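Descriptive structure summary
Now for the letters of each chain:
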Amino acid sequence: MKFYVLTLFKEMIEKGIDYSVIGRGIEKGLIEVEAVDIRDFTKDKHRRVDDYCYGGGAGMIMAAQPVYDAYMSVKKRAKEGTRLIYMSPRGKTLTQAKAEELSREQELIILCGHYEGIDERVIEELNPEEISIGDFVLTGGELGAMVIIDCVSRLVSGVLNKEESFMNESFSDGLLEYPQYTRPPEFMGRKVPEVLLSGHHGNVEKWRREQSVIATFEKRPDLLEKAELTENEKKLIKELQNKCFCDTISNNEDL
Ligand code: 4GS
């Protein structure tokens with residue numbers, strides 16, 4: 001899979017992504033990341049890419065022309081129909097489902113704004129899919145682009161090794177991951193749950209699934225609405241809810 005990243009800070013992308021699992025994917029030729037410097041496309045004699053904001057206000061705006069020309073130069077080289085993504089807090093928040101969808105593409109072009117943003121007219125003209133990595137404001141879209149490259153690349157076949165891809169990870173079925181342990185069997189008086197040492201594969205699977213449901217109930221109950229649950233698991237959640245309710249009452253002296 002190939003990612004083109006349109007940015008004013010190429011090094012951020014090039015130096016930031018070339019490590020660990022994704023670095024290995026790049027080495028194996030499964031992933032390619034090409035950062036394209038938007039500044040190379042400015043027609044300004046001082047190589048400027050930003051300008052003051054019409055209507056006043058603090059901060060600079062990236063001008064439309066260099067962004068447009070940078071995109072066009074990549075569009076010419078990229079496979080026909082390659083999707084353009086613009087990293088922006090206005091976009092839909094990135095999810096694992098979106099990462100899975102994007103991982104089925106052969107190439108992606110990611111546009112990163114910096115400063116206060118990009119002239120709206122080039123956004124209108126290019127009509128990118130806007131994606132946000134969360135409800136907060138970054139100084140630039142580069143970290144967002146790296147988040148997309150990371151979570152999409154690990155879904156590309158061959159990037160994760162056998163052990164890594166075998167892992168039953170968070171969100172794969174809409175639930176959080178179960179707790180995991182490695183040696184030693186006891187750390188500061190805390191023991192690894194007995195069932196994990198038992199060697200009984202069926203019991204281990206059952207325990208893990210239950211722990212996933214419990215962790216999701218406790219930490220991200222909002223995820224349970226969309227999770228795929230068996231009747232027994234729905235019953236377990238009802239029990240957890242009742243237990244929560246009873247605990248609340250017994251902790252409240254007024255009730
Ligand atoms: C995000 C975000 C972001 C918005 C870029 C202000 C510089 C900045 N990009 N998810 N201009 N959240 N972008 O904050 O993707």
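Above this text is the structure in question.
Everything in this summary refers to the structure shown in the same document. (Residues numbered from 1 in each chain as written. Predicted model: local features only at pLDDT ≥ 70, side-chain atom pairs only at ≥ 80, totals over all residues. Heavy atoms only, no water.)

**Remarks on the pairing of strand β6 (residues 107–111)**
Taking burial as the measure, the 5 residues of β6 include 5 buried ones, the bulk of the element. Across the two faces of β6 the burial is the same, with Glu107, Ile109 and Leu111 and Leu108 and Ile110 all buried. Relative to β6, strand β1 (residues 2–7) is paired through 5 bridges, and the arrangement is parallel. Considered in β6, the bridge of Phe3 is made with Leu108. (Buried < 20%, exposed > 50% of the residue type's maximum accessible area, 1.4 Å probe, protein only. Helix = DSSP H or I, 4+ residues; strand = E, 2+ residues; numbered from the N terminus. Pairing = 2+ DSSP bridges.)

**A few points about the side chain of Ser153**
Relative to the helices and strands, Ser153 resides in helix α6 (residues 142–153). For Ser153, the contacting residues outside a window of four places in its chain are Phe3, Ile22, Ile31, Ile148 and Val159. (Contact = heavy atoms within 4.5 Å.)

**Concerning the pattern of salt bridges**
What the rule picks out here adds up to 22 salt bridges. A salt bridge links Lys2 to Glu34; the shortest N-O distance between them is 2.9 Å. A residue pair is termed long-range when its members are at least 10 positions apart, and Lys2 in strand β1 and Glu34 in strand β2 (residues 32–37) qualify at 32 residues. For Lys2, a relative accessible area of 12% gives the class buried. Classification of Glu34 as partly exposed rests on a relative accessible area of 21%. With a closest N to O distance of 2.6 Å, Glu129 and Lys98 form a salt bridge. Separated by 31 residues along the polypeptide, Glu129 in strand β7 (residues 129–132) and Lys98 in helix α4 (residues 96–102) bring together distant segments of the chain. (Salt bridge = Lys/Arg side-chain N within 4 Å of Asp/Glu carboxyl O.)

**Topic: the site of the ligand**
The local shell around the ligand holds 16 residues, among which Tyr115, Ile133, Gly134, Phe136 and Leu138 are the closest. Taking Tyr115, its main chain carries an N or O atom lying 2.9 Å from a nitrogen atom of the ligand. With respect to the ligand, the backbone of Leu138 contributes an N or O atom lying 2.8 Å from an oxygen atom. Protein contact buries 92% of the 370 Å² of open area that the ligand shows by itself. Contributions of two or more residues to the shell around the ligand are made by β5 (83–93) and β7. Of the residues belonging to the shell around the ligand, the class tally is 8 nonpolar, 7 polar and 1 charged. (Near = heavy atom within 4 Å. Polar contact = N/O pair within 3.5 Å; in protein donor to acceptor, adjacent residues only side chain to side chain. Areas by Shrake-Rupley, 256 points an atom, 1.4 Å probe, with all protein chains shown as cover. Nonpolar A, V, L, I, M, F, W, Y, C, P; charged D, E, K, R; others polar.)

Without other data, these values stay purely geometric and don't point to any function.
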